[in-house]
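Here are the chains, one letter per residue:
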Amino acid sequence: MTRIAFIGLGNMGGPMAANLAQAGHAVQAFDLSEAACAAARDAGCRVADSTVQAVEDAEVVVSMLPSGAIVESVYLGDDGLLARLPADTLVIDSSTIAADTARRVSLAAKHHGLRMIDAPVSGGVAAAAAGTLTFICGGSEADIDAARPILGAMGKNVLRAGDSGAGQIAKICNNMLLAVHMIGTAEALALGETHGVDPSVLSEIMLASSGRNWSLEVYNPWPGVMENAPASKGYQGGFMVDLMHKDLGLALDAAQHEGAATPMGALARSLYALHRQAGHGRLDFSSIQSLLRAQTEADQSPDGHHDT
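Each value, and the rule that gives it
- Residues numbered from 1 in each chain as written.
- Predicted model: local features only at pLDDT ≥ 70, side-chain atom pairs only at ≥ 80, totals over all residues.
- Heavy atoms only, no water.
- Helix = DSSP H or I, 4+ residues; strand = E, 2+ residues; numbered from the N terminus.
- Buried < 20%, exposed > 50% of the residue type's maximum accessible area, 1.4 Å probe, protein only.
- Polar contact = N/O pair within 3.5 Å; in protein donor to acceptor, adjacent residues only side chain to side chain.
- Contact = heavy atoms within 4.5 Å.
- Salt bridge = Lys/Arg side-chain N within 4 Å of Asp/Glu carboxyl O.
- Phe/Tyr/Trp six-rings, centres within 6.5 Å; stacked < 30°, edge-to-face > 60°.
- Lys NZ or Arg CZ within 6 Å of the ring centre and 35° of its normal.
- Core = buried A, V, L, I, M, F, W, Y, C linked by side-chain atoms within 4.5 Å.
- Axes fitted to C-alpha atoms, helices over the stretch in contact; angles between N-to-C directions.
- Parallel < 35°, antiparallel > 145°, perpendicular 65-115°, else oblique.
- Nonpolar A, V, L, I, M, F, W, Y, C, P; charged D, E, K, R; others polar.
- Pairing = 2+ DSSP bridges.

1. So, the side chain of S203
Phase 1 of the analysis: On the secondary structure map, S203 appears in helix α9 (residues 199–207).
Phase 2 of the analysis: On the basis of relative accessible area, S203 is assigned to the buried category, the value being 2%.
Phase 3 of the analysis: Separated by 2.9 Å, the side chains of S203 and N220 make a polar contact.
Phase 4 of the analysis: With sequence-adjacent residues up to four places away left out, S203 is seen in contact with L189, L216, N220 and V225.

2. A few points about the pattern of salt bridges
Phase 1 of the analysis: Under the defined criterion, the tally for this structure stands at 10 salt bridges.
Phase 2 of the analysis: In this structure, D100 and R103 form a salt bridge, with 2.8 Å as the shortest nitrogen-oxygen distance. Placement of the pair is D100 and R103 together in helix α5 (residues 99–111), with a separation of three residues, close to one helical turn.
Phase 3 of the analysis: With a relative accessible area of 42%, D100 lands in the partly exposed category.
Phase 4 of the analysis: With relative accessibility at 36%, the residue R103 sits in the partly exposed group.
Phase 5 of the analysis: With a shortest N-O distance of 3.8 Å, R160 and E141 are connected by a salt bridge. In this pair, R160 sits in strand β9 (residues 155–162) while E141 sits in helix α7 (residues 141–151), placing the two residues 19 residues apart along the sequence.
Phase 6 of the analysis: Residue classification places E141 among the exposed positions, given a relative accessible area of 54%.
Phase 7 of the analysis: Sharing partners across several salt bridges, the network here consists of E141, R160 and D163.

3. Structural notes on the packing of aromatic side chains
Phase 1 of the analysis: A complete count under the given rule lists three aromatic pairs for this structure.
Phase 2 of the analysis: A centroid spacing of 5.2 Å and a plane angle of 20 degrees characterise the contact between W214 and Y219, whose relative ring orientation is stacked.
Phase 3 of the analysis: Classification of W214 by relative accessible area gives partly exposed; the value is 32%.
Phase 4 of the analysis: Ring geometry for Y219 against F285: centres 5.5 Å apart, planes inclined by 25 degrees, an arrangement best described as stacked. With Y219 in the loop between α10 (214–218) and α11 (241–258) and F285 in the loop between α12 (263–280) and α13 (288–300), this pair connects stretches of sequence that are 66 residues apart. Considered together, Y219 and F285 belong to a single accessibility category, that of buried residues.
Phase 5 of the analysis: Taken together, the ring pairs connect W214, Y219, F239 and F285 into an aromatic cluster.
Phase 6 of the analysis: The side chain of R293 reaches across the aromatic face of W222, ending 4.2 Å from its centre.

4. Some words on the nonpolar core
Phase 1 of the analysis: Grouped together as the largest cluster of nonpolar side chains are 34 residues, with contacts concentrated most on F6, M16, I92, F135 and L151.
Phase 2 of the analysis: When sequence neighbours within four positions are dropped, the list of residues in contact with F6 reads G13, M16, A17, L20, V27, Q28, A29, F30, V62, M64 and M154.
Phase 3 of the analysis: With 22 residues, the next largest nonpolar core counts A58, V61, V71 and M116 among its residues.

5. Considerations on the packing of helix α4 (residues 68–75) against α5
Phase 1 of the analysis: One can describe the packing of α4 onto α5 by two numbers: an axis separation of 10 Å at closest approach and a directional angle of 5 degrees. By the angle class used here, α4 and α5 are roughly parallel. Within the contact between the two elements, α4 uses G68, V71, E72 and Y75 and α5 uses T101, R104 and V105.
Phase 2 of the analysis: Of the residues assigned to the contact of α4 with α5, the class counts are three nonpolar, two polar and two charged.

6. A look at unusual backbone geometry
Phase 1 of the analysis: One non-glycine residue, D88, adopts positive backbone phi at about 80 degrees.
Phase 2 of the analysis: Note on placement: D88 falls in the loop between α4 and β5 (90–93).
Phase 3 of the analysis: Positioned with a positive phi, Y235 is a non-glycine residue whose angle comes to about 60 degrees.
Phase 4 of the analysis: Tracing the sequence through the fold places Y235 in the loop between α10 and α11.
Phase 5 of the analysis: Take Y235: its relative accessible area is 9%, and that puts it in the buried class.

7. Re the environment of M154
Phase 1 of the analysis: For M154, the location among the structural elements is in the loop between α7 and β9.
Phase 2 of the analysis: Since its relative accessible area comes to 0%, M154 is described here as buried.
Phase 3 of the analysis: Once you skip the residues sitting within four places of it in the chain, M154 turns out to touch F6, M16, L20, A127, G131, T132, L133 and F135.

8. A word on the pairing of strand β6 (residues 115–118)
Phase 1 of the analysis: Strand direction decides the pairing type here: β5 and β6, joined by four bridges, are parallel. From the neighbouring strand, D93 faces β6, where its bridge partner is D118.

This is how it looks when you write it as structure tokens:
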């Protein structure tokens, strides 16, 4: 049994903390949401009144936070957690943030005699609940090896991308590709449906053909095609449009920093920005299907033609 502080109990962090508790670890958790804290308590975690209380006597700290600014506010400064933790404490940040931020916080942790890795995740809410996440890690081999027993209670894969910050780079590359193939999948399904091809049938055909991809196989965006996908639950739960928009922004910032060409990533972010501005930011990112369907229906309407 390891004494673990868990900071951040959202759609991903909540089930992750629950899996640690169910694996027999002593988890002391904190979140600003009372509902999230109540769910963590029901899952076997002790709930703290603050981040400071959560890390009392902790051997390992795990965080899953929504932005780099929040990560810095939690860890850095005279009142931050890094200044309060005993030397050699292992800190695992599973937030998806800019690589430079991850490196900056990790350097501060090292200054305080702490071990820290960035370990963003892939797999979504379903994998978080099932304990089958993939952790994409940046940090020293020794620190990642030390984290493996903890990460193994929450996921099935622990992959090292490189040194501090590399986990974040690999994660945003993955999510940029995820956004692109989700949009492509939604676009193909919408096109087929307008020509009378059942989306379920078209999905089976593409799964058996060269268009096969994760969005089709695991996370079909058309309602009713895949029973447990967010698309069949009103696009509730899952990975929010707001978060995909944020991750695509991180990818484009990283591309601009190095002068890398990411035209598909830029287009994907523009489409998610449109969807978000229409008030759908808290829906699952597969709801981009509804944006494409709405555009198709508008183009097919009597008034939907465009003058040239």
